[in-house]
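Below are the chains, spelled out letter by letter.
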Amino acid sequence: MKKIYCALALGFLATVPALAQQGTPVAPAPATTAPAPAQAGPAGIVAAAKYYEGGPEAMYAFINQELKYPVMARRNRIQGTCIVSFTLNTDGTMSGVKLVKQVGGGCGEEALRLVRLLKFNKPDYAILTNLPIAFKLPAPGQAAAQ
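**Section: the pattern of salt bridges**
Going through the model one piece at a time under the given rule, you end up with one salt bridge. Put simply, Arg113 and Glu110 hold a salt bridge, and the shortest N to O gap is 2.7 Å. Placement of the pair is Arg113 and Glu110 together in helix 4 (residues 107–117), with a separation of three residues, close to one helical turn.

**Thoughts on the environment of Arg74**
Considering the arrangement of structural elements, one finds Arg74 in helix 3 (residues 71–75). Residue classification places Arg74 among the partly exposed residues on the basis of a relative accessible area of 27%. Residues Arg74 and Cys107, spaced 33 residues apart in sequence, show a C-alpha to C-alpha distance of 9.7 Å.

**So, the confidence of the model for the protein**
Chain-level pLDDT for the protein is 77 on average; 66% of the residues reach the 70-or-more range. Taken as a whole, residues 1–43 scores under 50 in pLDDT and shows 18 contacts with residues more than four places along the chain or in a different chain.

**Here we look at the nonpolar core**
Ranked by internal contacts, the top residues of the largest apolar core, which has 27 residues, are Met59, Phe120, Leu131, Ile133 and Phe135. Of all the elements in the fold, those that place two or more residues in this core are helix 2 (55–66), strand 1 (80–88), helix 4 and strand 3 (127–135). Among the elements that make up this core, the one with the highest residue count is helix 4 (five residues). Excluding its chain neighbours within four sequence positions, the residues that come into contact with Met59 are Ala49, Tyr52, Leu118, Phe120 and Leu131.

Calculation notes
Residues numbered from 1 in each chain as written. Predicted model: local features only at pLDDT ≥ 70, side-chain atom pairs only at ≥ 80, totals over all residues. Heavy atoms only, no water. Salt bridge = Lys/Arg side-chain N within 4 Å of Asp/Glu carboxyl O. Helix = DSSP H or I, 4+ residues; strand = E, 2+ residues; numbered from the N terminus. Buried < 20%, exposed > 50% of the residue type's maximum accessible area, 1.4 Å probe, protein only. pLDDT = per-residue confidence, 0-100. Contact = heavy atoms within 4.5 Å. Core = buried A, V, L, I, M, F, W, Y, C linked by side-chain atoms within 4.5 Å.

In structure tokens:
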């Protein structure tokens, strides 16, 4: 099965330059950019973020300020994005807080701790949302954040 996929992939890669030389338009590969910490969605804002006191910018600033990189993750150079799902109830409380994706090294537990610290205003209706929390180590030579 793997041989078939490899053969198909190689065949496709061989035809792309040929198509480009013939003048056939080839769609460019989509640009990939790293997401900013704690942002998601097409507009970069989590649905419940507008109900955070101070707005989305204040919520992201709070998360970045309170984030404590887990020692095990720092030691093993683990980086990535953890996703926490929760329901924002009509009284401003959260329920059903659970970890949807984690990268390991204690990052998932830290993401859950951060989300449970957030305080929201009362929305008009209950909102089920996901909040990504990015864990990224500083580049060598930069000051390490605690």
